[in-house]
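# Understanding the architecture of this molecule
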Amino acid sequence: MPIDYSKWKDIEISDDEDDTHPNIDTPSLFRWRHQARVDRMGEFEKNKAETKESLERSQRELTELKNKLKASDEESEKKKIEADIEKLEKQFSEWKNKEAELEKQEKLAPWNVDTICRDGFSKTTVNKMPEKKKVMTEDEKLDQSQKFMDKYKKEIEKFGFYSNWDDSKEYLLANPHLACEDTANYLTYWCVNLQMEEKNGLMKQVAHQTIVMQYILELSKTMEVPPIACVPSFFTKIKTCDAKYMDGFNQELDAFIGRIERRAKEKTDKLMAEIEAEEREKRLGPGGLDPQEVYEELPPELQKCFDTKDIGMLQEVLTAMKPDEAQVWLKKCIDSGLWVPGPSDDSEDAPPPEQ
């Protein structure tokens, strides 16, 4: 097979190969020639790097605009984005042509002492432990969520007060950080507290905004874009939707309000039970019995004695009872604090007063 020598035809001679005039400083001439060639090569490499960077930047901007066009539903905004895309595609094509031209120039450039020998490849391998992606624990997630709610509490509550579609849209676009799961969680928590405070009207208003936020978050998951990118499309759709879509929104809202009312009732009942248990604990007598419960168990004639605070009547009622029965009621009264034995009484073994 014949050998192709054509690739060696265009090789620049060495800087010090030419014969020079005796009056010319030969070393200086050689240095100037070499420096001039190095400068040309440096300028070429700089031009290549700038072209590559411009090409990558155009590609990124095109991708962003196409994602934005996908998420937009407004015709005027779509037309503007399409015009920007067309302009960027033209620029991208120009940079692509320039890159091809530079590659062609590089192939046709003659070899020289600096380019005739190059590494075929160069590789350095360094063993390194892969970085482990930090997985947050549930406590860390809760702590991060709580910090967000504490920081943006006023901004979230302001969003909860809006009742107009356009106002809600503009507020979220002005505060894009609020389009997130933590905002929906805070609004839900706030709804429960409002219902417990019996502010039912305000609770329903905040519940409406909670469902708005949940719809935006669901749309974000479906389209696989950040929640803030779904804000314009959601509000455009909700303002122009058919009756079926709006019925679905209202049904979701009614179901959410029902869950809030049930949750608020559960928390209220639990709170009241805790208060009642605390009050009962405070009422317990020296023997650990609740005076109110003991009073309700007493026979009517004994209840009347305590109602009138008549000790003589109490002695008469206890005397009329069987000794064992009287002793049981007297012990319960002492253990609950309804009856406080005097200094002469022998605690629970003290006989009835008249005995």
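Conventions adopted
Residues numbered from 1 in each chain as written. Predicted model: local features only at pLDDT ≥ 70, side-chain atom pairs only at ≥ 80, totals over all residues. Heavy atoms only, no water. Core = buried A, V, L, I, M, F, W, Y, C linked by side-chain atoms within 4.5 Å. Buried < 20%, exposed > 50% of the residue type's maximum accessible area, 1.4 Å probe, protein only. Helix = DSSP H or I, 4+ residues; strand = E, 2+ residues; numbered from the N terminus. Contact = heavy atoms within 4.5 Å. Expected span 1.5 Å × (residues − 1). 1 Å grid on protein atoms, 1.4 Å probe; cavity = no way out; pocket = protein on both sides within 12 Å on 5 of 7 lines; lining within 4 Å. Points joined across faces, edges and corners; volume = space filled by probe spheres on them. Nonpolar A, V, L, I, M, F, W, Y, C, P; charged D, E, K, R; others polar.

## Some details on the nonpolar core
Soluble globular proteins tend to pack their nonpolar side chains together in the buried interior. In this structure, L172, I216 and F235 are the most contacted members of the largest nonpolar core, which totals 38 residues. Every element with two or more residues in this core is listed here: α3 (138–151), α4 (153–161), α5 (165–174), α6 (181–196), α7 (200–223), α8 (231–240) and α9 (243–283). Non-local contacts of L172, meaning those with residues more than four positions away in its chain, are made with F159, L178, M213, I216, I228, V231 and F235. Residues V317, L318, M321 and W329 belong to the second largest nonpolar core, which totals 14 residues.

## Examining the environment of T188
In this structure, T188 sits in helix α6. Sequence separation between T188 and I211 is 23 residues; the distance between their C-alpha atoms is 9.4 Å. Once you skip the residues sitting within four places of it in the chain, T188 turns out to touch T210, Q214, F256 and I260.

## Focus: unusual backbone geometry
One non-glycine residue, E198, lies in the positive phi region at around 60°. Within the fold, E198 resides in the loop between α6 and α7.

## Some details on helix α13 (residues 323–336)
Counted at 1.5 Å a residue, the expected span for α13 with its 14 residues is 20 Å, and the 20 Å between its end C-alpha atoms agrees. The positive-phi residue at the C-terminal boundary of α13 is G337, with phi of around 90°.

## Let's talk about the layout of surface pockets
Quantified by volume, the second largest pocket comes out at close to 180 Å³. Around the second largest pocket sit E64, N67, K68, A71, S72, E77, V225, P226, A229, P232 and S233, which together line it. Counting only elements with at least two residues in the lining of the second largest pocket, the list comes to α1 (26–71) and α8. Residue composition of the lining of the second largest pocket, grouped by class: five nonpolar, three polar and three charged.

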